[in-house]
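Coordinate analysis (summary)
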Amino acid sequence: MAERLLLVGFGNMGQALVNGWLGHGREARTIAVVDPRPEALAAAAALGIAASADWPAAGREQSADVVVLAVKPAQLEDVLQHYRILSGRSLFLSIAAGKTIAGLAAVLGAEAAIVRAMPNTPAAIGRGVTALCSNDHVTADRRALCTTLMSAIGSVEWLDDERSMDAVTAVSGSGPAYVLLLIECLIDAGQQLGLDQALAARLAVGTVAGTGLYAEQSDADAAELRHAVTSPGGTTEAALDVLMSEGQLAELMGRAVRAAAKRSGELSSE
Ligand SMILES: NC(=O)c1ccc[n+]([C@@H]2O[C@H](COP(=O)([O-])OP(=O)(O)OC[C@H]3O[C@@H](n4cnc5c(N)ncnc54)[C@H](OP(=O)(O)O)[C@@H]3O)[C@@H](O)[C@H]2O)c1
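Notes on the structure in this doc start here.

Let's talk about the overall build of the chain
The secondary structure content of the chain amounts to twelve helices and eight strands. Summarising its shape, the C-alpha atoms of the chain cover approximately 70 × 40 × 35 Å along the three principal directions. Across the 270 residues in the chain, those meeting the buried criterion constitute 36%. Here the analysis covers contacts within the chain between residues at least 6 apart in sequence; of these, 60% occur between residues at least 24 apart. Surface exposure of the chain reaches about 14,900 Å², of which carbon and sulfur atoms provide 58%. On the chain, the mean spot of the 20 positive side-chain charges and the mean spot of the 30 negative ones are 6 Å from each other.

Here you go:
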């Protein structure tokens, strides 16, 4: 029998998850949603999913195999208080950025089975990357279930050590914004060379999207692919000489990612 999912928070990420689950064949009747927003409730109802503004106690506590926590990090602690009654039997899967397993266990109890996940924005189109880690109370079967649930919005990586979550947050969690900035910069540079904005945008977005797929589908790593398209004395080399002189871009990216990791660590301990 299919596991019963209780999804708490039906905003951007909650809706991406449900779209992924339904798209991968999960039946709507196995999902229940809680969200206070009328628009969220209407969106869930339109998908045939039982939805309510707060958690209806009647009967639900027996049927939630997994409680998926998709509220804002600042809302999580308050939300957890309402669901800790389930901690003896349900698995808790939290996607709240910066909220540690220990922090959740402090509310849910030391014996609670907890998985912490960090997805990223392309989850909205089923192309996210999610890193997961769990505490010792999560069985192999439940880890496999979490892999299935998060695979519905993209690829999944399990971490051996939760401490890697700050680095993951800095690389893939915040990463889409770095790539979007690269797109913006390419568009600006194209305009400075006389292209109109719309054309420059199509060229830049198409180039980033296509190159990502190309790198994903190739057996060669990114550096090998770059070397293969860089002819000595050619146009690409002229640009890379600027980007790479004295390690400029690598140095800048390293600083940026370290700043994000540091901030992730600070947020986790607040
Ligand atoms: N979006 C991303 O790309 C991304 C990436 C990685 C991780 N995450 C994590 O995913 C989580 C959700 O992010 P999001 O972007 O989906 O946020 P969001 O769009 O604001 O969705 C959160 C939803 O939860 C609702 N909510 C508030 N209190 C609730 C309660 N007591 N019970 C049930 N629902 C409640 C919110 O309603 P109100 O608006 O009325 O408060 C809102 O509809 C966050 O913790 C974030 O750190 C998101």
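Focus on the packing of helix 7 (residues 165–173) against helix 8 (residues 175–192)
Their axes nearest at 5 Å, the elements helix 7 and helix 8 cross at an angle of 30°. The angle between helix 7 and helix 8 places the two elements in the roughly parallel class. On helix 8, the residues that touch Ala 170, Val 171, Ser 172 and Gly 173 of helix 7 are Gly 175, Pro 176 and Tyr 178. Class assignment for the residues of the contact of helix 7 with helix 8 results in four nonpolar, three polar and no charged.

As for the sheet that holds strand 6 (residues 113–118)
The strand order across the open sheet built from eight strands is 3-2-1-4-5-6-7-8, with neighbouring strands paired in mixed fashion. What marks the edges here is a single partner per strand, and that holds for strand 3 (50–52) and strand 8 (154–158). Going across the sheet, the axis of each strand differs from the next one's by a mean of 20°, ignoring polarity. Direction of pairing for strand 6 relative to strand 7 (residues 128–134): antiparallel, over a ladder of four bridges. Bridge pairing in strand 7 places Ala 117 opposite Leu 132. Along the sheet face, helix 6 (residues 140–151) touches strand 1 (5–8), strand 4 (66–69), strand 5 (91–94), strand 6, strand 7 and strand 8 and points at about 150° away from the line of strand 8.

Describing the state of the cysteines
Inspection of the entire model under this criterion finds zero disulfides. No disulfide involves Cys 133; its nearest neighbouring cysteine sulfur is the one of Cys 146, lying 11 Å away. Taking relative accessible area as the criterion, Cys 133 reaches 2% and is therefore assigned buried. Since its relative accessible area comes to 0%, Cys 146 is described here as buried.

Some points on the environment of Ser 134
Mapped onto the elements of the fold, Ser 134 is located in strand 7. What Ser 134 contacts, discounting residues up to four positions off in sequence, is Ile 101, Ile 114, Val 115, Arg 143 and Trp 158. Only 3.1 Å separates the side chain of Ser 134 from the side chain of Arg 143, close enough to count as a polar contact.

Observations regarding the site of the ligand
Taken together, 21 residues form the shell around the ligand, and within it Met 13, Asp 35, Arg 37, Val 71 and Gln 75 come nearest. At 3.0 Å from an oxygen atom of the ligand is found a main-chain nitrogen or oxygen belonging to Asn 12. Protein contacts shield 77% of the accessible area of the ligand, which totals 890 Å² for the unbound molecule. Of all the secondary-structure elements, those providing two or more residues to the shell around the ligand are helix 1 (12–23) and helix 4 (73–83).

Concerning helix 7
Taken together, the buried positions of helix 7 are occupied by Met 165, Val 168, Thr 169, Ala 170 and Ser 172. Looking at the buried side of helix 7, the elements it contacts are strand 6, strand 7, helix 8 and helix 12 (248–268).

Regarding the pattern of salt bridges
Across all of its chains, the model carries ten salt bridges by this definition. Arg 37 serves as the salt-bridge partner of Glu 39, at 3.5 Å between the closest nitrogen and oxygen. A cluster of three or more residues bridged by salt bridges with shared partners is formed by Asp 35, Arg 37 and Glu 39.

Here we look at the nonpolar core
If you look at the biggest cluster of nonpolar residues, it comprises 32 residues, and the most contacted ones within it are Leu 7, Leu 17, Trp 21, Val 66, Leu 93 and Met 150. Looking at this core, the elements with two or more residues in it are strand 1, helix 1, strand 2 (31–34), helix 2 (38–46), strand 4, strand 5, strand 6 and helix 6. Each residue touching Leu 93, except ones within four places of it in the same chain, is listed here: Val 66, Val 67, Val 68, Leu 69, Val 115, Ala 117, Leu 132, Cys 146, Leu 149 and Met 150.

About the criteria used
- Residues numbered from 1 in each chain as written.
- Predicted model: local features only at pLDDT ≥ 70, side-chain atom pairs only at ≥ 80, totals over all residues.
- Heavy atoms only, no water.
- Helix = DSSP H or I, 4+ residues; strand = E, 2+ residues; numbered from the N terminus.
- Buried < 20%, exposed > 50% of the residue type's maximum accessible area, 1.4 Å probe, protein only.
- Contact = heavy atoms within 4.5 Å.
- Areas by Shrake-Rupley, 256 points an atom, 1.4 Å probe, with all protein chains shown as cover.
- Lys, Arg positive; Asp, Glu negative; His and termini not counted.
- Charge placed at Lys NZ, Arg CZ, Asp CG, Glu CD.
- Axes fitted to C-alpha atoms, helices over the stretch in contact; angles between N-to-C directions.
- Parallel < 35°, antiparallel > 145°, perpendicular 65-115°, else oblique.
- Nonpolar A, V, L, I, M, F, W, Y, C, P; charged D, E, K, R; others polar.
- Pairing = 2+ DSSP bridges.
- Disulfide = S-S within 2.5 Å.
- Polar contact = N/O pair within 3.5 Å; in protein donor to acceptor, adjacent residues only side chain to side chain.
- Near = heavy atom within 4 Å.
- Salt bridge = Lys/Arg side-chain N within 4 Å of Asp/Glu carboxyl O.
- Core = buried A, V, L, I, M, F, W, Y, C linked by side-chain atoms within 4.5 Å.

Worth remembering: the numbers are spatial, not functional.
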